[in-house]
Amino acid sequence: MSKLLGVLGVSFSYPGVRVLKDINLEVGAGESHVVIGPNGAGKTTLFKVLSGETKPNEGKIYYKSNDITGLDAWQRIRLGFGRTFQVARIFSDLTVLENMVVAVECRQRIAKSQPRPWWRASPAPETIKEAQGRLEEFRLLSKMHEEAAVLSHGDKKRLELAVCLALEPRLLMLDEPTAGMSPEDRIGVVKLIQELQAQHELTLLLTEHDMDVVFGLATHLTVLSQGEIIASGKPDDVRNDPLVQKVYLGQEPHYA
């Protein structure tokens, strides 16, 4: 398995608080790499650093062996990064279809393949057709004329994922993709993510609290505690690690 993403000695601090401490991480192409840890472990900050939303104080980040440490989030998106958030980031005042059209047109502009000039008031028929096809894939086509604001929590998360996939990323970063969902919605989202990964040949990097979701998706598992990696490897090996068990039992970990 070739390495797609590499993290070397990354640290990050807010004033007076060190959040990430010497993070070393590799994500192989085609992998489902899940990062877990207690609240406050640094998972979301790690995602911000990897996606370019925040720059590390120390260390390097590599994508396809290229140093991308200094690149902004929009530049990483153009390289093949995609990201969703704990609280779905969609255009609430637009319809479901309009959200998808925006994403498709954005990708077309990046690729310089949009079928009509940007100043045209209405999207091209080809763009609408693609947008509708993607909504059908995510079981949202019947709601395409509804405002995104009125969608259920689960549908908002699916729409955000659909919008993200419309940009055709190679590395998909999912921050708590099932947060706040019902058990039935969680099962559906896990199945959908597995189908999308196989269909689009995606590499997944995600954080998640639900252990059923974690072990349903992970091919590699990394555990953060107090901003440090305390275990990383195959899911069964990490699950049986004594230090990981202590952390999740609520005991204070002992570092040698």
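Residues numbered from 1 in each chain as written. Predicted model: local features only at pLDDT ≥ 70, side-chain atom pairs only at ≥ 80, totals over all residues. Heavy atoms only, no water.

### Here's the deal with unusual backbone geometry
Of note in the backbone geometry, Asp22 takes a positive phi value of approximately 50° without being a glycine. Considering the arrangement of structural elements, one finds Asp22 in strand S2 (residues 17-28). Non-glycine residue Ser65 carries a positive phi angle of around 70°. Here Ser65 lies in the loop between strand S4 (58-63) and strand S5 (66-67). What makes Ser65 exposed here is its relative accessible area of 65%. (Helix = DSSP H or I, 4+ residues; strand = E, 2+ residues; numbered from the N terminus. Buried < 20%, exposed > 50% of the residue type's maximum accessible area, 1.4 Å probe, protein only.)

### Considering empty space enclosed by the protein
The final tally for this structure, using the stated rule, is 1 cavity of 30 Å³ or more. Volume-wise, the largest cavity comes out at about 80 Å³. As for the largest cavity, its lining consists of Thr84, Lys157, Arg158, Glu160, Leu161, Leu174, Pro177, Met181, Val189, Leu192 and Ile193. Elements with a minimum of two residues in the lining of the largest cavity: helix H5 (153-166) and helix H6 (183-200). The greatest single-element share of the lining of the largest cavity, amounting to 4 residues, is contributed by H5. Taken together, the residues of the lining of the largest cavity break down into 7 nonpolar, 1 polar and 3 charged. (1 Å grid on protein atoms, 1.4 Å probe; cavity = no way out; pocket = protein on both sides within 12 Å on 5 of 7 lines; lining within 4 Å. Points joined across faces, edges and corners; volume = space filled by probe spheres on them. Nonpolar A, V, L, I, M, F, W, Y, C, P; charged D, E, K, R; others polar.)

### Things to note about the packing of aromatic side chains
Scanning the model with the defined rule gives 2 aromatic pairs in all. Centre to centre, the rings of Phe12 and Tyr14 are 4.8 Å apart; their planes meet at 90°, and the pair counts as edge-to-face. Across the ring face of Phe85, the terminal group of Arg89 is positioned such that the distance to the ring centre comes to 3.7 Å. Sitting above the plane of the Phe215 ring, Arg239 keeps its charged end 3.9 Å from the centroid. (Phe/Tyr/Trp six-rings, centres within 6.5 Å; stacked < 30°, edge-to-face > 60°. Lys NZ or Arg CZ within 6 Å of the ring centre and 35° of its normal.)

### So, the confidence of the model for the chain
Across the chain, the average pLDDT comes to 87, with 93% of residues at 70 or higher. pLDDT under 50 marks residues 249-256. Its contacts with residues more than four places away, or in other chains, come to 10 contacts. (pLDDT = per-residue confidence, 0-100. Contact = heavy atoms within 4.5 Å.)

### Quick look at the layout of surface pockets
What the largest pocket holds in volume is close to 620 Å³. For the largest pocket, the lining is made up of 22 residues, of which Ile77, Arg83, Phe85, Val163 and Leu167 are closest to its centre. Elements with a minimum of two residues in the lining of the largest pocket: helix H2 (73-79), strand S6 (81-84), helix H3 (96-111) and H5. With 5 residues, the single largest contributor to the lining of the largest pocket is H3. A class-by-class count of the residues in the lining of the largest pocket yields 14 nonpolar, 3 polar and 5 charged.

### Thoughts on the packing of H5 against H6
The N-to-C vectors of H5 and H6 enclose an angle of 10°; their axes lie 11 Å apart at closest approach. If you check the angle between H5 and H6, you find them roughly parallel. Residues Gly154, Arg158, Leu161 and Leu165 of H5 touch H6, and the partners they reach there are Asp185, Leu192, Ile193, Leu196 and His200. Taken together, the residues that form the contact of H5 with H6 break down as 5 nonpolar, 2 polar and 2 charged. (Axes fitted to C-alpha atoms, helices over the stretch in contact; angles between N-to-C directions. Parallel < 35°, antiparallel > 145°, perpendicular 65-115°, else oblique.)

### Quick notes on the nonpolar core
Met100, Leu135, Phe138, Leu159, Leu161 and Leu172 are the most contacted members of the largest nonpolar core, which totals 45 residues. Excluding residues within four positions of it along the chain, Phe138 makes contact with Arg158, Leu161, Ala162, Leu165, Leu192 and Leu196. Val10, Val19, Phe47 and Leu224 belong to the second largest nonpolar core, which has 24 residues in total. (Core = buried A, V, L, I, M, F, W, Y, C linked by side-chain atoms within 4.5 Å.)

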